[in-house]
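Coordinates in review
Now for the letters of each chain:
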Amino acid sequence: MYVCLCVGVTDREIREAADNGISSMRQLGKELGVGRQCGRCACTAREILKEARSPDYLALANMLAQPA
């Protein structure tokens, strides 16, 4: 789903950025441009970033990455 329409950033891109070490909205803004124009996406982007950095999400992602 598109989170930031101004620069065309999706929730997948935010999760990928979190996987690559992005841990704050400031870093996310510098890397992807999220929240830098109109700002309407900031709350949603922050929630996705927070969720992607949570231990439960990381454990699930690691489990799914394992071969069956």
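Residues numbered from 1 in each chain as written. Predicted model: local features only at pLDDT ≥ 70, side-chain atom pairs only at ≥ 80, totals over all residues. Heavy atoms only, no water.

A few words now on the pattern of salt bridges. Under the definition given, this model contains two salt bridges. Between Arg15 and Asp11 there is a salt bridge, and its shortest N-O distance comes to 2.8 Å. Taken together, the residues Arg15 and Asp11, both in helix α1 (residues 11-19) and four residues apart, mark about one turn of the helix. Take Arg15: its relative accessible area is 18%, and that puts it in the buried class. Notably, a salt bridge pairs Arg15 with Glu51, separated by 2.9 Å at the nearest N-O pair. A residue pair is termed long-range when its members are at least 10 positions apart, and Arg15 in helix α1 and Glu51 in helix α3 (residues 42-52) qualify at 36 residues. Judged by relative accessible area, Glu51 falls into the partly exposed class, the value being 39%. (Salt bridge = Lys/Arg side-chain N within 4 Å of Asp/Glu carboxyl O. Helix = DSSP H or I, 4+ residues; strand = E, 2+ residues; numbered from the N terminus. Buried < 20%, exposed > 50% of the residue type's maximum accessible area, 1.4 Å probe, protein only.)

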